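Residue-level structural notes
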Amino acid sequence: MTIKDSIYASEQQVKDFSFDQNVVEVFPDMIQRSVPGYATIVSTMGKLAGEYAQSNSNLYDLGCSLGAVTLSMRRNIRTDNCHIIAVDNSQAMVERCKVHLQGFKSDVPVTVTLGDINELEIQNASVVAMNFTLQFIPHAQRQAVLAKIYANLKPGGVLLLSEKIKAENEQCDNLLIDLHHDFKRHNGYSELEISQKRTAIENVMRPDTLSAHFTRLQDIGFSQTQVWYQCFNFCSMVAIK
Ligand SMILES: Nc1ncnc2c1ncn2[C@@H]1O[C@H](C[S@+](CC[C@H]([NH3+])C(=O)[O-])CC(=O)[O-])[C@@H](O)[C@H]1O
Ligand SMILES: O=C(O)C(=O)Cc1ccccc1
């Protein structure tokens, strides 16, 4: 049973957004009603993981929340001896993720770990998924996180990166923001909910432009970078080593 997200329904002194127990309880509903194309993105990331998973390698789901991408990758793996490592720095998320994954059977081993991506050791990776996670990592640390991923990806390995993006200029950015807010309205969020959530995330979730993403990925050394999904200011990319 999914519980409806009503976290910002009543007028409140808005605090910085955090992935606490209250968010965990409503997260499937929140993300589904807030991110255009979320279900398509998750299922396609699983398909891509199936294409790029190499035998005897690790697949990472960084910022796994309740494990949606882990489950989708696991459903699509056809190669031998793959191990999925799902990581999140929210204890509430990790605990619920473990319970959630127990509800599904598979031969592919999964380790769910509480930890900060900044400190995580990445080893022998063929696929690294970051589905709307990099945007929560402070700007100053993004280059180092992505360089660490690149360094520990096998040749031919991929980074699957989804992000909320900022448009290249203010006029276009406002256009994308308006379209996204319309999407949220259409999904039942009130003006108060939209505005209070916007305030809650503005100090903790900082989007980059698509050109900033591509420049950084190319500077790090990724040989191919490609957008495969965009709706409004939500975008999914693949970067190949
Ligand atoms: N430094 C960090 N280290 C580890 N985890 C982090 C860090 N910073 C944030 N997180 C975690 O990244 C996740 C981002 S949500 C991902 C959705 C999921 N991928 C999904 O496909 O359902 C995106 C969203 O809600 O917009 C949260 O669970 C944070 O605790
Ligand atoms: O809700 C929003 O406005 C978003 O940008 C997406 C989102 C989804 C879940 C947690 C934080 C942000």
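Residues numbered from 1 in each chain as written. Chains lettered and ligands numbered in written order. Predicted model: local features only at pLDDT ≥ 70, side-chain atom pairs only at ≥ 80, totals over all residues. Heavy atoms only, no water.

With an unreviewed UniProt entry as reference, the protein chain is termed Carboxy-S-adenosyl-L-methionine synthase, source organism Pseudoalteromonas arctica. Recorded in UniProt for the protein chain, the comment headed Catalytic activity (unreviewed entry) runs: "prephenate + S-adenosyl-L-methionine = carboxy-S-adenosyl-L-methionine + 3-phenylpyruvate + H2O". The record held by UniProt for the protein chain lists under Subunit (unreviewed entry) the comment "Homodimer." (UniProt positions renumbered as here; feature names shortened; annotations may be inferred.)

1. Considerations on the overall build of the protein chain
A count of helical and extended segments in the protein chain gives eight helices and eight strands. The C-alpha atoms of the protein chain give 17 Å as radius of gyration, which agrees with the globular expectation for 241 residues (18 Å, within 12%). A principal-axis box enclosing the C-alpha atoms of the protein chain has dimensions of 50 × 40 × 30 Å. Going through the 241 residues of the protein chain one by one, you find that 51% of them count as buried. Carbon and sulfur atoms make up 49% of the accessible area of the protein chain, which totals about 11600 Å². (Helix = DSSP H or I, 4+ residues; strand = E, 2+ residues; numbered from the N terminus. Rg over C-alpha atoms; globule rule 2.2 N^0.38 Å. Buried < 20%, exposed > 50% of the residue type's maximum accessible area, 1.4 Å probe, protein only. Areas by Shrake-Rupley, 256 points an atom, 1.4 Å probe, with all protein chains shown as cover.)

2. Details of the side chain of Thr225
Mapped onto the elements, Thr225 comes out in strand β7 (residues 224–231). A polar side-chain atom of Thr225 sits 3.1 Å from a polar atom in the side chain of Gln218. Non-local contacts of Thr225, meaning those with residues more than four positions away in its chain, are made with Phe214, Leu217, Gln218, Val238 and Ala239. (Polar contact = N/O pair within 3.5 Å; in protein donor to acceptor, adjacent residues only side chain to side chain. Contact = heavy atoms within 4.5 Å.)

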